[in-house]
Every structure is written in structure tokens, then in C-alpha cells.
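These are the residues of each chain, in order.
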Protein chains: 2
Amino acid sequence: MTVAIGIDLGGTELRAAVVGADGGVLAHARTATAALEGPEAVIAQMADLVGRIAPGHAVIGVGIGSPGPLDAAAGVVVQASTLHGWDDVPLAALAEARLGLPVRIDNDANVAALAEWRFGAGRGLRHMVYVTVSTGIGGGVIIDGKLLHGRGSLAAEIGHMAITDTPIRCSCGALGCWEALAAGPALGQRATETGCWGPVTARDVSRLAEAGDATAARLLAEEARWLGIGFANLLHLYAPEMIVVGGGVSECLPAMRADIEAVIRRQAMPAYRDVPIVAAALGHRAGVIGAALLALP
Amino acid sequence: MTVAIGIDLGGTELRAAVVGADGGVLAHARTATAALEGPEAVIAQMADLVGRIAPGHAVIGVGIGSPGPLDAAAGVVVQASTLHGWDDVPLAALAEARLGLPVRIDNDANVAALAEWRFGAGRGLRHMVYVTVSTGIGGGVIIDGKLLHGRGSLAAEIGHMAITDTPIRCSCGALGCWEALAAGPALGQRATETGCWGPVTARDVSRLAEAGDATAARLLAEEARWLGIGFANLLHLYAPEMIVVGGGVSECLPAMRADIEAVIRRQAMPAYRDVPIVAAALGHRAGVIGAALLALP
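Being a predicted model, the structure only gives us computed values, none of them experimental.

## Digging into the relation of the copies chain B and chain A
Here's step 1: Superposing chain B onto chain A requires a rotation of 180° together with a translation of 0.0 Å along the rotation axis, leaving an RMSD of 0.0 Å. In symmetry terms, the pair is related by a two-fold rotation axis.
Here's step 2: When the interface residues of chain B are mapped onto chain A, 100% of them again lie at the interface, so the same face is used by both copies.

## Quick look at the packing of aromatic side chains
Here's step 1: Under the definition given, this model contains 3 aromatic pairs over all chains.
Here's step 2: Between A:Tyr238 and B:Tyr238, the ring centres sit 5.5 Å apart and the planes meet at 75°, which makes this aromatic pair edge-to-face. Remark: B:Tyr238 occurs in helix H7 (residues 214-238) and A:Tyr238 occurs in helix H7 (residues 214-238); the pair is interchain, linking two chains.
Here's step 3: Note on A:Tyr238: relative accessible area 0%, which makes it buried.
Here's step 4: Taking the centre distance of 5.8 Å and the plane angle of 85° together, the rings of B:Trp178 and B:Phe231 count as edge-to-face. Remark: B:Phe231 occurs in helix H7 and B:Trp178 occurs in helix H4 (residues 178-182); sequence separation between them is 53 residues. In this pair, the class of B:Trp178 matches that of B:Phe231, namely buried.

## Re the pattern of salt bridges
If the charged atoms of two oppositely charged side chains come close together, the side chains can form a pair.
Residues and elements named next belong to chain A.
Here's step 1: Applying the stated rule across the entire model yields 18 salt bridges over all chains.
Here's step 2: The salt bridge partner of Arg190 is Glu222, with a shortest N-O separation of 3.7 Å. Taken as a pair, Arg190 in helix H5 (residues 184-193) and Glu222 in helix H7 lie far apart in primary sequence, 32 residues in all.
Here's step 3: Here the salt bridges do not stand alone but share partners, grouping Glu13, Arg15 and Arg30 into one network.

## Examining the sheet that holds strand E1 (residues 3-9) of chain B
All names here are of chain B.
Here's step 1: Taken in spatial order, the 5 strands of this open sheet run E3-E2-E1-E4-E8, and their pairing is mixed. Here the strands that pair on one side only, and so sit at the sheet edges, are strand E3 (25-32) and strand E8 (103-107). Pairwise comparison of adjacent strand axes, ignoring direction, gives a mean angle of 20° for this sheet.
Here's step 2: Here E1 pairs with strand E2 (residues 13-20) via 7 bridges, running antiparallel. Note that in E2 the partner of Ile5 across the bridge is Val18.
Here's step 3: Strands in contact with helix H1 (residues 38-53) are E1, E2, E3 and strand E4 (59-66); relative to E3, the strand with the most contacts, it is inclined by about 145°.

## A closer look at helix H1 (residues 38-53) of chain A
All names here are of chain A.
Here's step 1: With 16 residues, H1 extends 23 Å between its outermost C-alpha atoms, agreeing within 8% with the 22 Å of an ideal straight helix rising 1.5 Å per residue.
Here's step 2: By the burial criterion, the buried members of H1 are Gly38, Pro39, Val42, Ile43, Gln45, Met46, Ala47, Leu49, Val50 and Ile53.
Here's step 3: Contacts made by the buried residues of H1 are with strand E1 (3-9), strand E2 (13-20), strand E3 (25-32), strand E4 (59-66), strand E7 (87-89) and helix H2 (91-99).

## Section: the domain arrangement of chain A
Residues and elements named next belong to chain A.
Here's step 1: Each assigned domain of chain A is listed with its residue range as follows: domain 1 (3-112 + 284-295) and domain 2 (123-279).
Here's step 2: Placing a centre on the C-alpha atoms of domain 1 and another on those of domain 2 gives a separation of 27 Å.
Here's step 3: Residue-level contacts link 10 residues of domain 1 with 11 residues of domain 2.
Here's step 4: Across the domain 1/domain 2 interface, buried area totals approximately 750 Å², and carbon plus sulfur atoms make up 50% of it.
Here's step 5: Per-residue buried area on domain 1 facing domain 2 is highest for Ala109, Asn110 and Ala112; these three make up 53% of the total on that side.
Here's step 6: In this structure, the connection of domain 1 to domain 2 is made through 0 salt bridges.
Here's step 7: On the surface where domain 1 and domain 2 come into contact, there are 2 residue pairs in polar contact (both at pLDDT 80 or more).
Here's step 8: Every element with two or more residues in the side of domain 1 that touches domain 2 is listed here: strand E5 (70-71), strand E8 (103-107) and helix H3 (108-119).
Here's step 9: A per-element tally of the side of domain 1 that touches domain 2 places H3 first, with 3 residues.
Here's step 10: Classifying every residue of the side of domain 1 that touches domain 2 gives 6 nonpolar, 2 polar and 2 charged.

## Observations regarding the sheet that holds strand E10 (residues 137-143) of chain B
All names here are of chain B.
Here's step 1: One open sheet accounts for 5 strands, arranged E11-E10-E9-E12-E13; its pairing is mixed. Whereas interior strands pair on both sides, the edge strands pair on one side only; in this sheet they are strand E11 (146-147) and strand E13 (277-279).
Here's step 2: Examined bridge by bridge, strand E9 (residues 128-133) and E10 share 6 bridges and lie antiparallel to one another. Looking at the pairing, Val129 lines up with Val141 of E10.
Here's step 3: Sheet strands in contact with helix H3 (residues 108-119) are E9, E10, E11 and strand E12 (242-246), and its direction is about 50° off that of E10.

## Some details on the interface of chain B and chain A
Here's step 1: If you look at the interface, chain B gives 39 residues, while chain A gives 39 residues.
Here's step 2: Between chain B and chain A, the buried area comes to about 3,300 Å², and carbon and sulfur atoms account for 57% of it.
Here's step 3: Of all residues in chain B, B:Arg151, B:Asp165 and B:Leu237 bury the most surface against chain A, accounting for 21% of the area lost on that side.
Here's step 4: Joining chain B to chain A, the criterion identifies 2 salt bridges.
Here's step 5: A salt bridge links A:Arg151 to B:Asp274, with the shortest nitrogen-to-oxygen separation between them at 3.9 Å.
Here's step 6: Where chain B packs against chain A, one counts 21 residue pairs in polar contact (both at pLDDT 80 or more).
Here's step 7: Going through the elements one at a time, H7 and helix H8 (253-267) of chain B are the ones with two or more residues in the side of chain B that touches chain A.
Here's step 8: Sort the elements by how many residues they give to the side of chain B that touches chain A and H7(B) lands first, with 7 residues.

Parameters at a glance
Residues numbered from 1 in each chain as written. Chains lettered and ligands numbered in written order. Predicted model: local features only at pLDDT ≥ 70, side-chain atom pairs only at ≥ 80, totals over all residues. Heavy atoms only, no water. Least-squares fit on C-alpha atoms with pLDDT ≥ 70 in both. Contact = heavy atoms within 4.5 Å. Phe/Tyr/Trp six-rings, centres within 6.5 Å; stacked < 30°, edge-to-face > 60°. Helix = DSSP H or I, 4+ residues; strand = E, 2+ residues; numbered from the N terminus. Buried < 20%, exposed > 50% of the residue type's maximum accessible area, 1.4 Å probe, protein only. Salt bridge = Lys/Arg side-chain N within 4 Å of Asp/Glu carboxyl O. Pairing = 2+ DSSP bridges. Axes fitted to C-alpha atoms, helices over the stretch in contact; angles between N-to-C directions. Expected span 1.5 Å × (residues − 1). Domains from an automatic or database assignment. Buried area = accessible area lost by both parts, 1.4 Å probe. Polar contact = N/O pair within 3.5 Å; in protein donor to acceptor, adjacent residues only side chain to side chain. Nonpolar A, V, L, I, M, F, W, Y, C, P; charged D, E, K, R; others polar.

Quick look at the structure:
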């Protein structure tokens, strides 16, 4: 069977897997990313992981999902804020030289979108938007069965769409970005600021709401409102057949569904209202599977 | 020379032109749209215009730019709020039967985007966003040299992207849409509400600002701020190489340029800041030229 290796380059963890053309994971390995030691050290880690999982498989190539912005066509990581010293790194060329296999790269959210579209929640669709809501908000957009890249692969930076004019500063420096309002830390901070529980995370809020806490339920409703406004925007901008939601905050999706749907009914024109908002199906594996898809035919 | 006929179906005016493969207009005609008389009457008007301009030309097909939402692939106008009785009209099929020529349709903003990309301000680019700012805000997005359509041609409804949480009601019923804040009527209304001049339009404000009126200059700066926020969002969402701005309000672009650029510097991440924001080059002709492009090879 034709197989490729997918590498998920995260700021904390580096994962690699041998992935078949059917999306099956045949072997996998992982290690803590040497995030402070620069690109050469991390590429050496990749070679080590590949050396552990590749033997016995007819590997045709390697795909790497990396933090961005990055230029997928050029194979260059322009900047990776979670990795020290990663500025304008020709990752594809460096990894090819080290691994002796063809290497393609794309950003982590695009790669997860690709995996969810081919083997996950979005199977069989022509147009799909993937949104990951965790410490930030990232996205990947499939149009006519292809990833939307735009100039220098800079498209679908959906977390940095401004949706409010209240002066909330985003990590990117701008005001009112969706990410600044709706990513996990924003929910956690609003929860902490209530003073009810000390420092809490998005997941804690979800659990408290499930247990019947009214303040937590109110916080989740507010989170749902911000998510719903962003989702409604994505419906008008990309016209997907489905929005697939991954990342840690997506675990709160069931508790927020009714509120999100109410916002979409209010904010979206009728033709857009029936588009399903669905939880991602592949979890963490989306990273390695989608990366491998870059190298599979 | 290969030629096609482009028809620009507006709520006020119906225009038709014979257009060459080089974008040149070889003949044209227009009439007031029978907007209250239903689709059959308007299609009869199209046949009349075509009968006046087609003779002597080897016409290979007809393209129609229409208000939307419409399904370009199906050739159906789903709804056209400026035309009475246009709901689920199979315009392509009806016009083909009447004109005896192959007919393709697309929405008016998409068609204008196509014209500006092929023969106007965006010539030679791979990725371009066209924004028309007049009584509403519409858009057309070119990615890899192709129009972005999405599900049922519903993509790029950029005017209905929410950018504020102040409760400003849009004509679509939602709150905080870009169109509700930055289209011509919004600027005109803010100007009228100052009480300085009685009822005024966006164009009046621009002229007053040019003549040195401080209140008008402040209003234009506010308009520039709303436009800039929307443009910055479009840069992150679609990653175009250029934003081309058409529609009446684009005439105020020179007076607003500095303020728009300041907003983009503040709201856009560094990789997006140098994308040119350029006035459309083809004016009203974009409608017929882009429509003809639907039928040209």
C-alpha cells in the first residue's frame, strides 16, 4: 500500500506517523519538541522519529504541518511564534536533505482541515471550513476540494478577523479579533474575572456549567455568542457546506449548540442558516493524517 | 474576432454590450429596467437590446450579471431584492430559449470582479478581492485565477460580515454588518445626522471635505476607519495580492487613503500590510465586460 509520513510540528510536541492512502495510521511516534533549540535540532528530531517508524513501509514522501505563517508553495516557515529561532526557515528543503524523501509543508490548521475533509467530519464535501478553537483560533478552508491558500499561503487567518469595536487587544496587536474574544484563554479569563472560582480554564467552565452552575452557563452562553458571530461571518465569506470545529474549546460545543444556532439564525441570511456546525472527528490525529495527505497522491 | 454579449441587469438600468476577447466594447445599448414587470418582461428587454447590437458580430454566447443571491452553476436567480417577482428564476434557461444562444449567469459583484481582474486594475494577478461600496457592499474573490463561488455561489457576501457589536441593524436583518456601517447610505446618514447641511449623500460629504469642511473631513475619517477594518479582515481571510474598490463610495478613496492605510497598519499582521488597495479601473463598463467574460473562452 502507498504510504506517506505525516509530521505534526507543535510548540510542545512533535508527532510523526506512517499513514496509508486510506487515512489509517500504521505506526506512530512522538517526542517533546526541542522548541528552544532552533530548526536544525527539531529537524534532527524529525529524522529520529522517521527512523523509528519508517522501516518496513514503502514511504513515498513526507508532509509536515507547522505553525505559521508559512509559504506552502515555497516550503518556507516565515515565522512560528511557538518555536524559538524559526524565521524564514526553508523547512521543506532542509527536511528533504535530512530525510532523503520529498517533503511538502503546510500550516497546521490547513493540514487538519485536509484530514477532516478527507477522512473526518467533512468527508465527501466540496466546500468546508475547519475552525480550531484552542489557545488561538485558526482555520483551513476547502473550496472545490482544494485548500484555499491565497498569496503566500496567508489565507484563512480567520482568528484575526475583527468582529467587535470594543477595545480588546489580540496577541497579534490588533483590536477586536475573533481570537481575542472567543479562543480558550478569553473564556478562561472571563471566568477567572468573575471571582467565583479562582483561575479556571475553558474546560473547567464547561464542566461547571454541566454540573448546573448558573454563572458558568452564562459564561458559556457568552462564548457561544462570540463563536456564533464568527461562524456566521465564515458562512457569508466562504459559503461552506459544513463548518467543522476542532481544538480544545470544541469539547464545549454540545453545551453551546443551542446558543450558537440562535446567533446564526439572527446573524446569517436565510440561505446560510442550515449549514451544519459539526465537531471534528479525528482529534489529535488530524495533524499527522493531514500532513501525510500533503505527500499522498 | 470571437465576441460575446454581456448583459448587466441592474435594478434601475439594463445594459448590454458586444465584447471582444480583448475586453473591447464593440457595440452597446441600454434601457430602463422593467423592474416591476417580472422576469419575462425583462428577458424580452434583453432580447430587444441584443437584437440592436448583435447584427454583424459572430456572437458565441451571452453572459448576464444579475443581483443575487443566485446559483451560477444552476443558472438560477434565487432572489433579487431590486427586481419585483424575481424568486427562483431559471434565468439562464429562460434567456437561452429567448435568445437562441448559450447563456451563463453570475452575480453582479462577481462579474465586476472578473472584469477588473482580466482587463482592469487587477490584470495579471492570481489572487484578487473586488469590493463594491455603493448602496450596499458586495464582493467578488478571485483565487488562483478563478472566481470563488462556494456552496450555491453564496461565497463572498462580504457586506454581511459583522465587524461591530454596537447594535446597528443591517438591511439583511442582522446586527453590525460591514454594509450597515460603511456603505454609502450609512455615511450619508451620519452626515445628515450632524445637522450641518440637511440631507446629504456620501458624494456630498466627499466634496465638502475637499473644500476644507472639518466636519466632513471627520465623517470621511470615520468612513475610512470602517472601510479599513473590513479591508483588513478581507486580507486575513482571502490573502489577495490586491483589493480593488469600485462603486460610488470608491470616488472618495483618494481623500480616505491615509486613514484607511493607518487602520490597516494597526489591524493587519505585518505580512498583509503592503497589499495595495486600488480604485477599480473600468467603472460602469465592468458589468457588461465581466458578464461577457462568462461566455468567452
